[in-house]
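Residue-level listing of the chains:
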Amino acid sequence: PINREKMKKDFYEAGADKIIEIIADDCIECFFLKDIEGIKKFLKLGAKYKVPNKKGLDLIKQMFKDGNRIYYKGAKVEGLVKALNINLILGQICYQISQLCDEFGYNCQRNKCNME
């Protein structure tokens with residue numbers, strides 16, 4: 001787990017003048033799970049794979065187990081992000097990243113992420 005207050009303090013002490021937090025509703029894995037098909041493809045689970053009735057970290061761990069892999073939170077999973085449909089994910093988390101888009105000058109109307 002990240003100590004957000006300490007992290008912010010450290011960033012400000014290192015010279016940051018502004019911090020924008022992008023926080024997953026539950027966990028970062030929830031962002032990944034917006035593209036179940038991409039995860040299934042990455043894990044080679046097949047089209048007929050029945051997604052377990054779990055959520056968040058528990059679901060992704062189970063899917064990895066079903067794909068004969070192990071998922072460790074915080075560990076790099078080579079190739080997973082490349083297998084995901086980022087446009088699909090962004091379209092579903094637009095409201096969570098809109099402040100960052102504004103900061104980069106995208107003039108976010110809270111609908112651009114839905115465009116493919």
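Cut-offs applied
- Position labels on residues start from 1 in each chain and follow its written sequence.
- Totals for whole chains, interfaces and linings use all residues, but because this is a predicted model, local features are given only for residues with pLDDT of at least 70 and pairs of side-chain atoms are given and counted only at 80 or more.
- The basis for every side-chain value is the complete set of non-hydrogen atoms in the structure, without hydrogens or water.
- In these notes, a set of buried Ala, Val, Leu, Ile, Met, Phe, Trp, Tyr and Cys residues joined through side-chain atoms within 4.5 Å is what counts as a nonpolar core.
- Only protein chains enter the calculation, and the probe is 1.4 Å; a residue is then buried if its accessible area is under 20% of its type maximum, exposed if over 50%, and partly exposed in between.
- By definition in these notes, contact holds between two residues if any of their heavy atoms fall within 4.5 Å.
- The predictor reports its confidence for every residue as pLDDT, a score running from 0 up to 100.
- A run of H or I in DSSP becomes a helix once it reaches four residues, and a run of E becomes a strand once it reaches two; helices and strands are each numbered from the N terminus.
- Here a polar contact means two N or O atoms within 3.5 Å. Within protein one must be a hydrogen donor candidate and the other an acceptor candidate, and residues neighboring in sequence count only if both atoms are side-chain atoms.
- The working definition used for a salt bridge is a side-chain nitrogen of Lys or Arg within 4 Å of a carboxyl oxygen of Asp or Glu.

So, about the nonpolar core. Of all hydrophobic cores here, the largest spans 21 residues; its most connected members are Phe32, Ile39, Leu43, Ile60, Met63, Phe64 and Leu80. Sequence-distant contacts of Ile39, defined by excluding residues within four places in its chain, comprise Phe32, Leu33, Ile60, Met63, Leu80 and Leu84.

Low-confidence regions, as indicated by low pLDDT, have predicted coordinates that should not be scrutinised in detail. When the pLDDT values of the chain are averaged, the result is 87; 93% of them are 70 or greater. At the low end of the mean pLDDT range in the chain sits helix α6 (residues 86-103), at 84; at the high end sits helix α3 (residues 36-43), at 96.

Residue position: Lys18 is located in the loop between α1 (4-13) and α2 (28-32). The sequence separation of Lys18 and Cys101 amounts to 83 residues, and the corresponding C-alpha distance is 14 Å. Polar side-chain contacts of Lys18 include one of 2.6 Å to the side chain of Glu103.

Further remarks concern the pattern of salt bridges. Evaluated as defined, the whole model comprises 9 salt bridges. With a closest N to O distance of 3.0 Å, Glu13 and Lys9 form a salt bridge. Of this pair, Glu13 and Lys9 both sit in helix α1, 4 residues apart, which is roughly one turn of that helix. According to the relative accessible area criterion, Glu13 is exposed, its value standing at 57%. Judged by its relative accessible area of 48%, Lys9 is partly exposed. Each of the salt bridges in this network shares a partner with another, and the network as a whole consists of Arg4, Glu5, Lys8 and Glu21.

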